[in-house]
Amino acid sequence: MAATQKSAQIAAPRGVNGATIVGILGAVSLLSYVFGSEGDYRYYLNIPGLAIVGGGITCVTFLAFRFSEIQAALGALREIFRNE
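Reading the values: the criteria
Residues numbered from 1 in each chain as written. Predicted model: local features only at pLDDT ≥ 70, side-chain atom pairs only at ≥ 80, totals over all residues. Heavy atoms only, no water. Helix = DSSP H or I, 4+ residues; strand = E, 2+ residues; numbered from the N terminus. Buried < 20%, exposed > 50% of the residue type's maximum accessible area, 1.4 Å probe, protein only. Areas by Shrake-Rupley, 256 points an atom, 1.4 Å probe, with all protein chains shown as cover. Salt bridge = Lys/Arg side-chain N within 4 Å of Asp/Glu carboxyl O. Patch = residues over 30% accessible without salt bridge, like charges linked within 9 Å, V, L, I, M, F, W, Y side chains within 5 Å. Expected span 1.5 Å × (residues − 1). pLDDT = per-residue confidence, 0-100.

1. Focus: the overall build of the chain
Right, on to step 1. The secondary structure content of the chain amounts to 4 helices and 0 strands.
Right, on to step 2. Ordered by position in the sequence, the α and β elements of the chain form the string α-α-α-α.
Right, on to step 3. Looking at the chain as a whole, 2% of its 84 residues qualify as buried.
Right, on to step 4. Summed over all atoms, the accessible surface of the chain reaches about 7500 Å², with 67% contributed by carbon and sulfur.

This is the structure in structure tokens:
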């Protein structure tokens, strides 16, 4: 019974993690600088390359993890960015 009481005392964190905000702001800042310095976004946009990378990530994810683990990860991702 002590284990039940102990787990009940630990509360889940609320809101978005500070590191997530820093990472998103850093990525947006870096991309804004790079796009602004060259002036033309088409130098950096490669649709076939994005399809290869995105498709490769998806295929490797399905090869490496069980479907239940992928669903759990997507559920956790939704929970991270959920509005309260």
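2. Some words on the pattern of salt bridges
Right, on to step 1. Inspection of every chain in the model, using the stated rule, returns 2 salt bridges.
Right, on to step 2. Of the charged contacts, one joins Arg-66 and Glu-69 as a salt bridge, the two residues approaching to 3.8 Å between their closest N and O atoms.
Right, on to step 3. On the accessibility criterion, Arg-66 (58% relative accessible area) is exposed.

3. Overview of a nonpolar patch on the surface
Right, on to step 1. There is a patch of nonpolar side chains on the surface, built from Val-16, Ile-21, Ile-24, Leu-25, Val-28, Leu-74, Leu-77, Ile-80 and Phe-81 and spanning about 790 Å² of accessible area.
Right, on to step 2. Contributions of two or more residues to the nonpolar patch are made by helix H2 (18-38) and helix H4 (67-80).
Right, on to step 3. Looking at the secondary structure, you find Leu-74 in helix H4.
Right, on to step 4. For Leu-74, a relative accessible area of 45% translates into the label partly exposed.

4. Digging into helix H3 (residues 47-64)
Right, on to step 1. When the terminal C-alpha atoms of H3 are compared, their 25 Å separation across 18 residues agrees well with the 26 Å that a helix rising 1.5 Å per residue should span.
Right, on to step 2. Where burial is concerned, little of H3 is hidden: 0 out of the 18 residues are buried.

5. Observations regarding the confidence of the model for the chain
Right, on to step 1. Mean pLDDT over the chain stands at 82; residues scoring 70 or higher make up 79%.
Right, on to step 2. Ranking the helices and strands of the chain by mean pLDDT puts H3 first, with 94, and helix H1 (residues 2-9) last, with 53.

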